[in-house]
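Overview (structure and organization)
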Amino acid sequence: MSNAAEIVQKDLACLWHPFTQQKIWPSEPPLVISGGQGNWLVDIDGKRYFDGVSSLWVTVHGHGEPAINQAIKEQVEALDHSTMLGLTHPKAALLAAELARLTPPSLSRVFFSESGSTAVEIALKIAYQYWQLKGQSKKRTFVSLAEAYHGDTIGAVSIGGIELFHEVYRPLLFAKHTIAQPNKNKPGSAERSVADLARVLAEHAEEICALVIEPRVQGAAGMIIQPDGYLSTVCRMAHEAGVLVVADEVATGFGRTGAMFACQLEGVCPDLMALGKGLTGGVLPLAATMASEEIYEAFLGEFDEFRHFFHGHTYTGNPIACAAALANLALMQSRDILANVAARAAQLARGLAELARLDHVVDVRQQGMMCGVELAADKASGLAYAPGRRMGHQVIMAARRRGVIIRPLGDTVVLMPPLSSSEQEIAFLLEVVGQAIVEATEEGA
Ligand SMILES: Cc1ncc(COP(=O)(O)O)c(C=O)c1O
């Protein structure tokens, strides 16, 4: 087994980390994680950390869950991989049926890929091709929300709205319409967003393939929560204007928001849905794009009509990942994980109300087990910290010293613990985050 120094040396020599300024990466010795047990990560020296962001929003039952591990072991013995081009296999078919049963009733078909970005990319291509096949050749654009995040591939970036991540690529991207960001904590913002959508639909509906939306919570925007009724309103408006609805549930799906899928909180039936992250319980990369039967049927025809969906990835529907997903979904039901989410979300709400009282906390936001704590230099005016201060980062480093791993979005501290977290673990998370905010903001005052 290599020691920490050797790993760090090889990391610094050869690795390029995601969303990371590599110039300053070596200035803080990287933490080497070499184990995971339940809701905790373990570093190479044996120190334990509570996984406060579910390893980037994916972990459902904790790390090393025996039932998922067993399903993976059995699948490796039976069949490691086989292509889905021209062949099928049991786990993909069983998982597709299970997803069709669990998702809103509008969705009946499943197209597998490997990441949330590809699930979104596939939804965009299906939506576009659907309208082309229906003879609506003018439908070539999309509408999405300000500060939307749908992944990092070019199509997903095209409909994204986070300037810092997306603007530099604008010349490479397809055009889209943007509507204002609805924020439950900003009065009037949802009304503005609805008015924007009404105007865009009135002027351009015949050119728009789909409204693409992160239902209920815009995650990467900073855990921005939509007010009740917003989602169902905009989806109804899109449908009435002959525009499809693509629900990007990559972050919100699989119990995070308190329901199995965020759309179900408002009885919304999308035409397409992107799923990823928690699908395998956070164990293996697998994503799915769900489609309605009506969309699926538009692609049917004789072979030489070439109405096929010409898209596929080498590892589409990998059997091991599908086996992990089936085990995850079975456990979610047998353990009634949504009941735990309800209890822990109520506990988080109480804790966030305490954090809201701290000097530099200007907003707290929560939907189920997705939470954001926004920091600012001045509470009264809301004046932001200078970006170079990296206050969000200072807070997560202070939390790390106390045994909690979290990751911020700018100066918003994100709390997204595993759905299996216990009452004691959530209490520990809240206590540490409170202390870390006080320490970092006092030092930075
Ligand atoms: C709403 C949403 N869509 C898509 C993605 C992209 O997923 P991935 O990172 O697996 O490509 C993310 C990732 O955070 C997301 O939050």
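Residues numbered from 1 in each chain as written. Predicted model: local features only at pLDDT ≥ 70, side-chain atom pairs only at ≥ 80, totals over all residues. Heavy atoms only, no water.

Turning our eyes to something else, we now look at the site of the ligand. Neighbouring the ligand are the residues Trp57, Ser115, Gly116, Ser117, Tyr149, His150, Gly151, Glu214, Asp248, Val250, Ala251 and Lys277. A distance of 2.6 Å separates an oxygen atom of the ligand from a polar side-chain atom of Ser117. Taken together, the residues that form the shell around the ligand break down as four nonpolar, five polar and three charged. (Near = heavy atom within 4 Å. Polar contact = N/O pair within 3.5 Å; in protein donor to acceptor, adjacent residues only side chain to side chain. Nonpolar A, V, L, I, M, F, W, Y, C, P; charged D, E, K, R; others polar.)

On to the UniProt feature "binding site: substrate" (unreviewed entry) in the chain, then. On the UniProt side, "binding site: substrate" (unreviewed entry) is annotated at positions that read Tyr149, Lys277, Gly312 and Arg407 here. With the annotated positions falling across 259 residues, the maximum pairwise C-alpha distance of 32.6 Å shows that they are not confined to a single cluster. Structurally, Gly312 can be placed in the loop between α10 (293-298) and α11 (319-334). Given a relative accessible area of 46%, Gly312 falls into the partly exposed group. For Arg407, the location among the structural elements is in strand β16 (residues 407-409). Residue contacts for Arg407: discarding those within four places in its chain leaves Phe19, Val53, Leu56, Ile396 and Val414. (UniProt positions renumbered as here; feature names shortened; annotations may be inferred. Helix = DSSP H or I, 4+ residues; strand = E, 2+ residues; numbered from the N terminus. Buried < 20%, exposed > 50% of the residue type's maximum accessible area, 1.4 Å probe, protein only. Contact = heavy atoms within 4.5 Å.)

Let us now look at the UniProt feature "binding site: pyridoxal 5'-phosphate" (unreviewed entry) in the chain. Mapped onto the present numbering, the UniProt feature "binding site: pyridoxal 5'-phosphate" (unreviewed entry) falls at Gly116, Ser117, Asp248, His313 and Thr314. Of the residues just listed, which span 199 residues, the most distant C-alpha pair is 22.9 Å apart, and they do not cluster in one region. On the secondary structure map, Ser117 appears in helix α5 (residues 116-133). Ignoring sequence-local partners within four residues, the contact set of Ser117 consists of His150, Gly151, Asp152 and Thr153. Structurally, the position occupied by Asp248 is in strand β10 (residues 244-248). The buried category is assigned to Asp248, whose relative accessible area is 6%. Excluding anything up to four places from it in sequence, Asp248 contacts Val120, Tyr149, His150, Ile213, Glu214, Pro215 and Ala274.

The next thing to look at is the nonpolar core. Judged by nonpolar contacts, the single largest core of 88 residues is most densely connected at Leu95, Leu99, Phe254, Ile406 and Leu415. Of all the elements, helix α14 (residues 423-443) adds the most residues to this core, at eight residues. Other than its neighbours up to four places away in sequence, Leu415 contacts Gly52, Leu352, Met369, Met370, Cys371, Ile406, Leu429, Leu430 and Val433. Core analysis: the second largest hydrophobic core is formed by 26 residues, Val120, Ala123, Val212 and Ala274 among them. (Core = buried A, V, L, I, M, F, W, Y, C linked by side-chain atoms within 4.5 Å.)

Note on interface size: it is often stated as the accessible area lost on association of the parts. In terms of domains, the chain is made up of domain 1 (31-61 + 336-443) and domain 2 (67-334). Computed over C-alpha atoms only, the centres of domain 1 and domain 2 are separated by 27 Å. Across the contact, 28 residues belong to domain 1 and 29 residues belong to domain 2. Buried area between domain 1 and domain 2, both sides added, is near 2,200 Å², and the carbon and sulfur share of it is 61%. Scanning the region where domain 1 abuts domain 2 turns up zero salt bridges. Mapped by element, the contributors of at least two residues to the side of domain 1 that touches domain 2 are α2 (54-57), α12 (337-355), β13 (361-367), β14 (370-375) and β17 (412-415). At five residues, β13 tops the list of elements feeding residues into the side of domain 1 that touches domain 2. Within the side of domain 1 that touches domain 2, the residues separate by chemical class into 17 nonpolar, eight polar and three charged. (Domains from an automatic or database assignment. Buried area = accessible area lost by both parts, 1.4 Å probe. Salt bridge = Lys/Arg side-chain N within 4 Å of Asp/Glu carboxyl O.)

As a further point, take α5. With 18 residues, α5 ought to run about 26 Å at 1.5 Å a step, and its terminal C-alpha atoms sit 25 Å apart, in line with that. Among the 18 residues in α5, 14 count as buried, and that is most of the element. Gly135 sits one or two residues past α5 and shows a positive phi near 85°. (Expected span 1.5 Å × (residues − 1).)

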